Amino acid sequence: MILINQLISAILQVVILTAIPFIFYLVKEKRVKGFFNWIGFKTTENNVFKYMAIIFISFLVIIILPYLYLYNTNSLTYTGFTVDAYKQYGWSMQTILVILIWAVVQTSLSEEIFFRGFLGNRLFEKLGNGGNVIQAIIFGGIHIVSVVGKGILPMVIIFLLTGGIGYALGWLSRNKADGSIIYGWIIHAAVNIISPIVVFMFLI
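Residues numbered from 1 in each chain as written. Predicted model: local features only at pLDDT ≥ 70, side-chain atom pairs only at ≥ 80, totals over all residues. Heavy atoms only, no water.

Novice: Describe the nonpolar core, with residues and values.
Specialist: If you look at the biggest cluster of nonpolar residues, it comprises 42 residues, and the most contacted ones within it are Ile-55, Leu-172 and Ile-187. Every element with two or more residues in this core is listed here: helix H1 (2-29), helix H2 (35-39), helix H3 (49-72), helix H4 (81-89), helix H5 (93-127), helix H7 (152-176) and helix H8 (182-203). Considering every element that reaches this core, the biggest residue donor is H5, with nine residues. If we ignore the near neighbours within four places in the chain, the residues touching Ile-187 are Met-52, Ile-55, Phe-56, Leu-169 and Leu-172. (Core = buried A, V, L, I, M, F, W, Y, C linked by side-chain atoms within 4.5 Å. Buried < 20%, exposed > 50% of the residue type's maximum accessible area, 1.4 Å probe, protein only. Helix = DSSP H or I, 4+ residues; strand = E, 2+ residues; numbered from the N terminus. Contact = heavy atoms within 4.5 Å.)

Have a look at this one:
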């Protein structure tokens, strides 16, 4: 049941965060064709893998101490179907599938579509690199909700970490991947897969 609920939740989030840019595209372009390319579902001939590796490894190194602080001070806690699955089934196939659906589909896919594919690409077209800064600030800002009421320091940490990765993924998309969100999606998904695994193994 937890797996089904996670799947439904993931599908709904992707649909909602894809519907907004789709409606925008439909109104602006008066057509459906070309939407996926417009949103960044395309590949690039550029060799972006070294940049992907640098961003991924750098982010993992940077987040270790701040996230340990946040969890050890109970400023940030895991909730949702991933925690429910782990507590109920341990390291079972169901738990792994729940983590994968949450990490690959619900969070990283929906957020890359909306923030990098829609907001980031549109703002970059209008404002250049300033547009990437704006989408990163918005991306970091919405994540502050997870630590509201826990003090200023946790809010600043979450804002800088999530805003920083948002900027890096936007930079990768626009400057190295011809506007593609696929490569940022891979990094985002990988980070989100590792995060609950580390939390469940060492902090719960």
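After that view of the structure, there is still more to cover.
Novice: Got a sec to walk through a nonpolar patch on the surface? Specific residues and values, please.
Specialist: A cluster of nonpolar side chains, namely Trp-91, Met-93, Ile-96, Leu-97, Leu-100, Ile-194, Val-198, Met-201 and Phe-202, defines an oily patch on the protein surface of about 840 Å² accessible area. Secondary structure elements with two or more residues in the nonpolar patch: H5 and H8. With respect to the element layout, Ile-96 can be found in helix H5. Ile-96 gets classed as partly exposed once you look at its relative accessible area, which sits at 36%. (Patch = residues over 30% accessible without salt bridge, like charges linked within 9 Å, V, L, I, M, F, W, Y side chains within 5 Å. Areas by Shrake-Rupley, 256 points an atom, 1.4 Å probe, with all protein chains shown as cover. Salt bridge = Lys/Arg side-chain N within 4 Å of Asp/Glu carboxyl O.)

Novice: Talk me through the side chain of Gln-135; I want residue IDs and the actual numbers.
Specialist: In this fold, Gln-135 is placed in helix H6 (residues 129-143). Polar side-chain contacts of Gln-135 include one of 3.1 Å to the side chain of Arg-116. Once residues within four sequence positions are removed from consideration, Gln-135 is found in contact with Phe-115, Arg-116, Leu-119, Gly-120, Leu-123, Gly-166, Tyr-167 and Gly-170. (Polar contact = N/O pair within 3.5 Å; in protein donor to acceptor, adjacent residues only side chain to side chain.)

Novice: Give a detailed account of the packing of aromatic side chains, specifying residues and quantitative values.
Specialist: Per the counting criterion, the structure on display carries 19 aromatic pairs. On the numbers, 5.5 Å between centres and 65 degrees between planes, the contact of Phe-35 with Phe-36 is edge-to-face. Ring geometry for Trp-91 versus Phe-200: centroids 6.2 Å apart, planes at 55 degrees, classification tilted. Placement of the pair is Trp-91 in the loop between H4 and H5 and Phe-200 in helix H8, with a sequence separation of 109 residues. Looking at Trp-91, the relative accessible area reads 41%, which means it is partly exposed. (Phe/Tyr/Trp six-rings, centres within 6.5 Å; stacked < 30°, edge-to-face > 60°.)

Novice: Go over the side chain of Thr-95 with me, naming the residues and quoting the values.
Specialist: Checked against the element boundaries, Thr-95 lands in helix H5. Side chain to side chain, Thr-95 and Ser-92 meet in a polar contact 3.2 Å long. Discounting chain neighbours no more than four positions away, the residues touching Thr-95 are Ala-85, Tyr-86, Tyr-89 and Gly-90.

Novice: Tell me about the packing of H1 against H5, residues and numbers included.
Specialist: Between H1 and H5, whose axes approach to 9 Å, the crossing angle comes to 10 degrees. By the angle between their directions, the pair H1 and H5 is classed as roughly parallel. The residue inventory of the contact of H1 with H5, partitioned by class, reads 18 nonpolar, eight polar and one charged. (Axes fitted to C-alpha atoms, helices over the stretch in contact; angles between N-to-C directions. Parallel < 35°, antiparallel > 145°, perpendicular 65-115°, else oblique. Nonpolar A, V, L, I, M, F, W, Y, C, P; charged D, E, K, R; others polar.)

Novice: Can you lay out H7 for me, pointing to particular residues and giving the numbers?
Specialist: Between its first and last C-alpha, H7 extends 35 Å over 25 residues, near the 36 Å set by a 1.5 Å rise per residue. Phi for Asp-178, located one or two positions after H7, is positive at around 55 degrees. (Expected span 1.5 Å × (residues − 1).)

Novice: Please provide a residue-by-residue account of the packing of H3 against H7, values included.
Specialist: Interaxial distance between H3 and H7 falls to 11 Å at its minimum, and their mutual angle equals 175 degrees. Considering their axes alone, H3 and H7 lie roughly antiparallel with respect to each other. Residues Tyr-51, Met-52, Ile-55, Phe-59, Ile-62, Ile-63, Pro-66, Tyr-67, Tyr-69 and Leu-70 of H3 lie in contact with H7, whose contacting residues are Leu-153, Pro-154, Ile-157, Ile-158, Leu-161, Ile-165, Ala-168, Leu-169, Trp-171, Leu-172 and Lys-176. Here the contact of H3 with H7 is composed, by residue class, of 20 nonpolar, no polar and one charged.

Novice: An account of the environment of Gly-117 is requested, with residue identities and associated values reported.
Specialist: With respect to the helices and strands, the residue Gly-117 is situated in helix H5. Taking the C-alpha atoms as reference, Gly-117 lies 30 Å from Ile-152; in sequence the two are 35 residues apart. Excluding residues that lie within four positions of it along the chain, Gly-117 makes contacts with Trp-38, Ile-39, Glu-112, Arg-122 and Ile-181.

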